[in-house]
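Observations on the three-dimensional arrangement
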Amino acid sequence: FPVTILTKTTQPNHFLFSAQLAKKINDLTLRGGVIESSGGVGIDYDKGPFGVSISAFDLENNETERPHLKAWAHGNITDTFFVMGGVDDFISKQQDPDWFVGAGIRLIDDDVKSLLGSFKLGR
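Not measured: the values here are computed from a predicted model. (Residues numbered from 1 in each chain as written. Predicted model: local features only at pLDDT ≥ 70, side-chain atom pairs only at ≥ 80, totals over all residues. Heavy atoms only, no water.)

Two orientations exist for strands paired in a sheet by backbone hydrogen bonds: parallel and antiparallel. Pairing is antiparallel across the open sheet formed by seven strands, whose spatial order is 1-2-3-4-5-6-7. Each edge of the sheet is formed by a strand with only one pairing partner; in this case those strands are strand 1 (19-25) and strand 7 (98-105). Pairwise comparison of adjacent strand axes, ignoring direction, gives a mean angle of 15° for this sheet. (Pairing = 2+ DSSP bridges. Helix = DSSP H or I, 4+ residues; strand = E, 2+ residues; numbered from the N terminus. Axes fitted to C-alpha atoms, helices over the stretch in contact; angles between N-to-C directions.)

The subject of this paragraph is the packing of aromatic side chains. In the structure shown here, the tally under the stated rule is zero aromatic pairs. Cation over ring: R106 sits above F82, and NZ or CZ is 4.6 Å from the ring centre. (Phe/Tyr/Trp six-rings, centres within 6.5 Å; stacked < 30°, edge-to-face > 60°. Lys NZ or Arg CZ within 6 Å of the ring centre and 35° of its normal.)

Another aspect to go through is the environment of I105. Mapped onto the secondary structure, I105 falls in strand 7. Setting aside its immediate chain neighbours within four residues, I105 contacts T80, F81 and F82. (Contact = heavy atoms within 4.5 Å.)

In this section: the environment of T78. Along the polypeptide, T78 turns up in the loop between strand 5 (68-76) and strand 6 (81-88). Among the residues examined, T78 registers a relative accessible area of 42% and is labelled partly exposed. Separated by 29 residues in the primary sequence, T78 and P49 have C-alpha atoms spaced 8.6 Å apart. There is a polar contact of 3.0 Å between the side chain of T78 and the backbone nitrogen of F81. (Buried < 20%, exposed > 50% of the residue type's maximum accessible area, 1.4 Å probe, protein only. Polar contact = N/O pair within 3.5 Å; in protein donor to acceptor, adjacent residues only side chain to side chain.)

Coordinates in, geometry out; function isn't part of it.
Written out as structure tokens, the structure reads:
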């Protein structure tokens, strides 16, 4: 009898990009566009120094037949420093959810101008 072998190749370390348009309505922001190299939508709710977000993308994924969902929350410690944490791909049938935490620095135009102005260029 014939034997069929199916092989699946994945690229876990390939480059992904996002480009979205957003509309802010009071504390709510609606987003849509390319999220992690796939079409998707998202919603953000920010109130004071805290916010929560959810994104749905990879909506036509035939392998799982479920969209890729990512949800996270963030808190601003100062005007420029923030912390965040959340869960990625939490409704997948193929894998357990991926939890993540992080921190970052958010710079506005005036911050960048101050940093660049402190470097002396030329003579």
